[in-house]
Amino acid sequence: MSKRRGRTGLIGLLALFALMVLVVWWSLQVGGVRCEVCIAYAGRSQCRSVDGASRDEALGAATTNVCAYLSNGVTDSMACARTPPTKTECASAE
């Protein structure tokens, strides 16, 4: 019984290690586009840069990131996301 338990533990440990390697590998992948978005909302302004696979993905993620910093709560966050950016710049992330 203990031999089986040790084998199961080893398999579980290997699976966990493989998952950790996969997460690190995904996080180190460079996106194809880097976008910077600046938004002025509720008397404050903030800029954030995000890498993404496409321009739309990077713009959306940067906008979400800026609004997470500037807003308080879901309703406020949605209103911030509808605010036109004061600055938007995208370039190839190569």
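Anyway, here's the lowdown on the structure attached to this text. Fair warning: this is a prediction, and the values are worked out from it, not measured in the lab. Numbering of residues begins from 1 in every chain and follows the order in which that chain's sequence is written. Per-residue local features are limited, in this predicted model, to residues with pLDDT of at least 70; the limit for side-chain atom pairs, both in listing and counting, is 80 or more; totals at the level of whole chains, interfaces and linings are taken over all residues. To obtain the side-chain values, all non-hydrogen atoms of the structure were used and water was disregarded.

A look at the nonpolar core
In summary, soluble globular proteins display a tendency toward joint burial of nonpolar side chains. How we decide: We call a set of buried residues a nonpolar core when its members are Ala, Val, Leu, Ile, Met, Phe, Trp, Tyr or Cys and they connect through side-chain atoms within 4.5 Å of each other. With a 1.4 Å probe rolled over the protein chains alone, any residue whose accessible area is under 20% of its type maximum counts as buried; one over 50% counts as exposed, and the rest are partly exposed. Here a strand is any run of E in DSSP of at least two residues, a helix any run of H or I of at least four, and the numbering for each starts at the N terminus. A contact between two residues is defined here by any heavy atoms of the two lying within 4.5 Å.
Counting residues in each nonpolar core, the largest one holds 13 residues, and the members touching the most others are C35, V37, I39, Y41, L70 and C80. Ranked by residues supplied to this core, first place goes to helix 2 (residues 55-70) with 6 residues. Leave out the neighbours within four places in its chain, and Y41 touches L70, D76, A79, C80 and T83.

Focus on the state of the cysteines
Threshold: Whenever a pair of cysteine sulfur atoms sits within 2.5 Å, that pair is classed as a disulfide.
Under the defined criterion, the tally for this structure stands at 3 disulfides. Covalent S-S linkage joins C35 and C90, the inter-sulfur distance amounting to 2.0 Å. The sign of the S-S torsion, about 110°, decides the handedness of the disulfide formed by C35 and C90: right-handed. One end of the pair, C35, is in strand 1 (residues 33-41); the other, C90, is in strand 3 (residues 87-92), and 55 residues separate them in sequence. Residue classification places C35 among the buried residues on the basis of a relative accessible area of 1%. One disulfide in the model links C38 with C47; its S-S distance is 1.9 Å. Its torsion about the S-S bond being 110°, the disulfide of C38 and C47 is classed as right-handed. Looking at C38, the relative accessible area reads 5%, which means it is buried. In the chain, the cysteines engaged in disulfides, taken in order along the sequence, are linked 1-6, 2-3, 4-5.

Some thoughts on the sheet that holds strand 3
Heads up, the condition is: Two strands pair under a simple rule: DSSP has to find at least two bridges between them. In this analysis, axes come from line fits to C-alpha atoms, helices being fitted only over the stretch in contact, and the angle between any two N-to-C directions falls in the range 0 to 180 degrees.
Reading across the sheet, the 3 strands line up as 2-1-3 and stay open at both edges, with antiparallel pairing between neighbours. At either margin of the open sheet sits one strand with a lone partner, and together these are strand 2 (44-52) and strand 3. The mean inter-strand angle of the sheet, taken between neighbouring strand axes irrespective of direction, is 10°. Sheet topology note: the strand 1/strand 3 ladder contains 6 bridges and is antiparallel. Residue pairing across strands places C38 opposite K87, the latter belonging to strand 3. Strands in contact with helix 2 are strand 1, strand 2 and strand 3; relative to strand 2, the strand with the most contacts, it is inclined by about 145°.

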